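# Examining the three-dimensional arrangement
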Amino acid sequence: MHIVASGITDVGLKREGNEDSFSSEDALGLYVVADGMGGHLAGEVASRISVELINKCYRKWVEEGVSADEIYGEPDNSLTLQGNYILGSIRFANRVIYEMAVENKKYHGMGTTVVILLVTQDVIIAANVGDSRIYLVRDGVIEGLSKDHTIVAEQVEMGMMTKEEAETSPLKHILTRNLGSAETVEPDIFEIEPSNNDRFILCTDGLTDLVRDEEILAMANNEKEPESLCRRLIDKVLKRGAHDNTTIISVFIMDMKGHEDGSFKKIGQFFADFFIGFHKILKKLIP
Amino acid sequence: MARLILMFNKQVLKEYPIMKESITIGRNKDNIINIDNLAVSGYHARIDKAGSDFILTDLQSTNGTFINDKKITSHKLSHGDNIIIGKHVLLFVATEKGKVEKSPEQLDMDKTMMLNTAKQKELLSKQEQPISTVKPVEKIGVISFIDGSGLGEIELTKKLTKIGKADTSEIKLSGMLMAPTSATISKRPNGYTISFTGGMTKLKVNNKVVKDNVQLNDFDTIELGAYKFQFFQKDVNTQA
């Protein structure tokens, strides 16, 4: 399996500073994007610290091969070991940012969203807190692998609001969860199997405020490299006014074995079908 | 139309469009916004429409009415104001075009914000009995074997369930042509998805061969080689 990734961040046309941070660690298959909030430089600090700590924790736990019981907080049995590493690293980053915000006046009220993608041979893990997102483009279809933690998204989920209403709601940017505002935080984590030619897009709301899912899909289908995809997405954002900072990482999976439809496999499948059909008939005849 | 959003401990309880010239908020049932909580007075506060503005007035309530932490007797509402009544928060949203005036001190709705959870925590800690909070029902996927293999029902307790011959599979199926991992079922934001991952054994959902992945709906029939099972979702009893 071959992973190609590229990341880009842009301050945009309206904001003075960039409060977004990101990291791209091909060796670990770990990609992180964070969108900070809070006055002065606090937002920048929160997003940068979250990215650094998540990388540090995850790397340390992988290298030491710790068990799920040794992560920060209670392990989640519905997740793989790597999923638990990601969970623990988010909890840990949250705690540090929270303590800093409480103890240091200039960091009061700081927080950050975070979205993480982990790509390994066996599993893809997507985790998020806040309204930064991960998209998966597979077989020409776009799918969200994150859940927005906003008032409107929760209302949509409960059937109190339509998706269309949510998009134009003035409450769109009010988060119900982030890193730094409470002692504990629970991220949403999803695990899926990797598949050849999977394309992932991690982004802050700078992108999703201005570019629709279908447009992201069209560009992801057309571009051959993650770098050009990032560039084209950012260009679109800038063309539309770029009222916020925008950060995008795109990750492409290539040359994955075991998913091609070779002729040997086709013959094999034919025999397999024949064998199973035969087996079924036998079962019927001899109860 | 301007709206008020009633929230309690981060959860949105209800949304009220301001349809009338005057609306009252209080514990008594005849209030338009009825908050059944002892911290709220019978008739706690009132909002009156005055031209294009909305004026909030405290009706000499026992515990007071607050706007963004400040106690008020009367207040002209601005977009994004948090009206705090007892342990509840009413968020005022002015959505009519051109009516959203922003002073530098006010909220910039373009900017991502976090609900002030510290405040809500503080409020919650004083609350003896939290009132019913609306929460989406958590569901769990189940597969039920209908092939006579005697495997019965299996709950999908993992985010990613591997199905195949390998010992590490969550659902272990035998068969000469079964791959170590033949298919996977993953729980995603939009529900459960089944994916074919390889091997000689065909995956079929509702009699159609699946080569990549397909989203599962309740009572879909899945075939994996000689195995046949049905998928459905059931509500999880989350222990509080």
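Placed above this text is the structure.
In this text the structure is predicted, and so the values were computed from the model without any measurement. (Residues numbered from 1 in each chain as written. Chains lettered and ligands numbered in written order. Predicted model: local features only at pLDDT ≥ 70, side-chain atom pairs only at ≥ 80, totals over all residues.)

The next subject is the sheet that holds strand β7 (residues 65-67) of chain B. All names here are of chain B. Ordered in space as β2-β1-β11-β10-β7-β8, the six strands form an open sheet in which the pairing is antiparallel. At either margin of the open sheet sits one strand with a lone partner, and together these are β2 (11-17) and β8 (70-72). Pairs of neighbouring strands in the sheet enclose a mean axial angle of 30°, with direction left out of account. In this structure, β7 lies alongside strand β10 (residues 82-85), joined through three bridges in antiparallel fashion. When the bridges of β10 are listed, Phe66 appears paired with Ile84. (Pairing = 2+ DSSP bridges. Helix = DSSP H or I, 4+ residues; strand = E, 2+ residues; numbered from the N terminus. Axes fitted to C-alpha atoms, helices over the stretch in contact; angles between N-to-C directions.)

Within strand β15 (residues 160-164) of chain B, five of the five residues are buried, which leaves the element mostly enclosed by the surrounding structure. Here β15 of chain B shows a buried face lined by Leu160, Lys162 and Gly164 of chain B and a second buried face lined by Thr161 and Ile163 of chain B. (Buried ≥ 20, exposed ≤ 12 C-beta atoms within 10 Å, placed from the backbone.)

The next subject is the nonpolar core. Note on soluble globular proteins: their nonpolar side chains tend to be buried together. Residues and elements named next belong to chain A. Val32, Ile54, Ile86, Leu117, Leu202 and Leu233 are the most contacted members of the largest nonpolar core, which has 74 residues in total. With 10 residues, helix α1 (residues 42-64) is the largest single contributor of residues to this core. Leave out the neighbours within four places in its chain, and Leu117 touches Tyr31, Ala126, Ile134, Phe200, Leu202 and Val251. (Core = buried A, V, L, I, M, F, W, Y, C linked by C-beta atoms within 7 Å. Contact = placed C-beta atoms within 7 Å.)

Residue and element names in this part refer to chain A. With phi around 70°, Asn197 is a residue other than glycine that occupies positive phi space. Among the secondary structure elements, Asn197 is positioned in the loop between β10 (188-192) and β11 (199-203). For Asp255, which is not a glycine, the phi torsion comes out positive at approximately 50°. Note on placement: Asp255 falls in the loop between β12 (246-254) and α8 (263-285).

On to the sheet that holds strand β4 (residues 33-34) of chain B, then. Residues and elements named next belong to chain B. Ordered by their spatial adjacency, five strands build an open sheet running β4-β3-β5-β6-β9, and the pairing between neighbours is mixed. Of all the strands in the sheet, the pair left with one neighbour each is β4 and β9 (74-76). Bridging between strand β6 (residues 53-58) and β9 involves three bridges; their strand directions are antiparallel. By the bridge assignment for β9, Ile55 is matched with Lys76.

Attention now goes to α1 of chain A. Look at α1 of chain A: 32 Å from first C-alpha to last across 23 residues, which is about the 33 Å you get at 1.5 Å a residue. Immediately beyond the C-terminal end of α1 of chain A, within one or two residues, lies Gly65 of chain A, with a positive phi of roughly 60°. (Expected span 1.5 Å × (residues − 1).)

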